[in-house]
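What follows is each chain in one-letter form.
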Amino acid sequence: FYQKFLDLEDRFASVLEAAHPEGGQLLGTALEELQTAHEELQSQNRELELVRSALEAERQRYLDLIDLSPDGYLATNIEGVVQEVNQTMSSLLGVPPQFLCKKPLWVFIAPEDRREFGFQLYLLGQQQPAEFEARLQPREGIVFPARFTVNPT
């Protein structure tokens, strides 16, 4: 980014000098303004990086707390594809967390409940929170009831 900025600064100086050979003072003022803008951008970049790091640390803390929960938790995208899952849910479904992520949740919904699950995803697309029950079907094992809370984020 910095190198591109310097290249643009040089090109600007060349164009300005070609257009106004006597505009040395104008060029100096423009370059000072560019330098000030560059310093402001660098400062904002540093601030954004600090905020991003703090946010990532808080997100990881949240995920660690959720992972220790005795309840099964997972988060999906609007299409119902698993994005995050805790260890409890992974155990309930009989699938390691790394294999659950990026998989459609409907695969683990009992066939007779899939229509309702699809409807709830539709409601989520309408930005409407909902709660519903469906039966989950682990990879191996007995189907069990689950309560879903669907919140758009």
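Definitions and cut-offs
- Residues numbered from 1 in each chain as written.
- Predicted model: local features only at pLDDT ≥ 70, side-chain atom pairs only at ≥ 80, totals over all residues.
- Heavy atoms only, no water.
- Helix = DSSP H or I, 4+ residues; strand = E, 2+ residues; numbered from the N terminus.
- Buried < 20%, exposed > 50% of the residue type's maximum accessible area, 1.4 Å probe, protein only.
- Contact = heavy atoms within 4.5 Å.
- Core = buried A, V, L, I, M, F, W, Y, C linked by side-chain atoms within 4.5 Å.
- Phe/Tyr/Trp six-rings, centres within 6.5 Å; stacked < 30°, edge-to-face > 60°.
- Pairing = 2+ DSSP bridges.
- Salt bridge = Lys/Arg side-chain N within 4 Å of Asp/Glu carboxyl O.
- Polar contact = N/O pair within 3.5 Å; in protein donor to acceptor, adjacent residues only side chain to side chain.

> Just give me the short version of the overall build of the chain, but keep the residues and values in it.
Each helix and strand in the chain was counted, giving 5 helices and 4 strands. Taken from the N to the C terminus, the helices and strands of the chain come in the order α-α-β-β-α-α-α-β-β. Taking all 153 residues of the chain together, the buried fraction comes to 26%. Pairs at least 24 residues apart make up 30% of the contacts formed inside the chain by residues separated by at least 6 positions.

> How would you explain the nonpolar core if you had to name every residue and give the values?
Leu 105, Phe 108, Leu 136 and Phe 148 are the most contacted members of the largest nonpolar core, which totals 19 residues. Listing elements by their share of this core, those giving two or more residues are β2 (82-85), α3 (87-93), α5 (114-125), β3 (130-136) and β4 (144-150). At 4 residues, β4 tops the list of elements feeding residues into this core. Apart from the residues lying within four places of it in its own chain, the contact partners of Phe 108 are Leu 93, Val 95, Leu 100, Arg 135, Leu 136, Gln 137 and Arg 139.

> Tell me about the packing of aromatic side chains, and name the residues and values.
Scanning the model with the defined rule gives 3 aromatic pairs in all. Measuring from ring centre to ring centre gives 6.5 Å for Phe 117 and Phe 132, while their planes differ by 55°; the resulting arrangement is tilted. Pair noted here: Phe 117 is in helix α5 and Phe 132 is in strand β3, with a separation of 15 residues, a long-range link. Under the relative-accessibility criterion, Phe 132 is labelled buried at 6%. The structure contains a cluster of three or more aromatic residues connected by ring pairs, namely Phe 117, Phe 132 and Phe 148.

> Explain the pairing of β3 to me, using residue names and the numbers behind them.
Burial along β3 is one-sided: the residues Ala 130, Phe 132, Ala 134 and Leu 136 are buried and none of Glu 131, Glu 133 and Arg 135 is. The pairing of β3 with β4 spans 7 bridges and is classified as antiparallel. Bridged to Arg 135 within β4 is Pro 145.

> Any details on unusual backbone geometry? Residues and values, ideally.
Look at Lys 102: it is not a glycine, yet its phi comes out positive at around 75°. Mapped onto the fold, Lys 102 is located in the loop between α4 (97-100) and α5. Owing to a relative accessible area of 58%, Lys 102 belongs among the exposed residues under this scheme.

> So what's going on with the environment of Gly 80? Residues and values would help.
Topologically, Gly 80 is positioned in the loop between β1 (74-76) and β2. When its relative accessible area of 0% is taken as the criterion, Gly 80 is described as buried. On a C-alpha basis, the gap between Gly 80 and Trp 106 in space is 7.1 Å, while along the polypeptide they are 26 residues apart. Apart from the residues within four sequence positions on either side, Gly 80 is in contact with Lys 103, Pro 104, Leu 105 and Leu 121.

> Before we move on, could you go through the pattern of salt bridges and cite the residues and values that matter?
Overall, the coordinates contain 8 salt bridges when judged by the stated rule. Among the ionic pairs, Glu 84 bridges to Arg 59, the shortest N-O distance being 2.3 Å. With a gap of 25 residues between them, Glu 84 in strand β2 and Arg 59 in helix α2 (residues 24-67) connect regions that are remote in the sequence. Linked by salt bridges that have partners in common, Glu 56, Arg 59 and Glu 84 make up one network.

> Residues and numbers for the environment of Gln 128, please.
On the secondary structure map, Gln 128 appears in the loop between α5 and β3. In this structure, Gln 128 is in contact with Leu 123, Val 150 and Pro 152, ignoring residues within four places of it in sequence.

> Give me the lowdown on the environment of Glu 84, citing residues and values where you can.
Its relative accessible area of 25% is what places Glu 84 among the partly exposed residues. A C-alpha to C-alpha distance of 8.3 Å links Glu 84 and Leu 100, two positions 16 residues apart in sequence. Not counting residues up to four positions away in its chain, the partners in contact with Glu 84 are Arg 59, Leu 63, Tyr 73, Leu 74, Ala 75 and Cys 101. Looking at Glu 84, its side chain comes within polar contact range of the side chain of Arg 59, at 2.3 Å.

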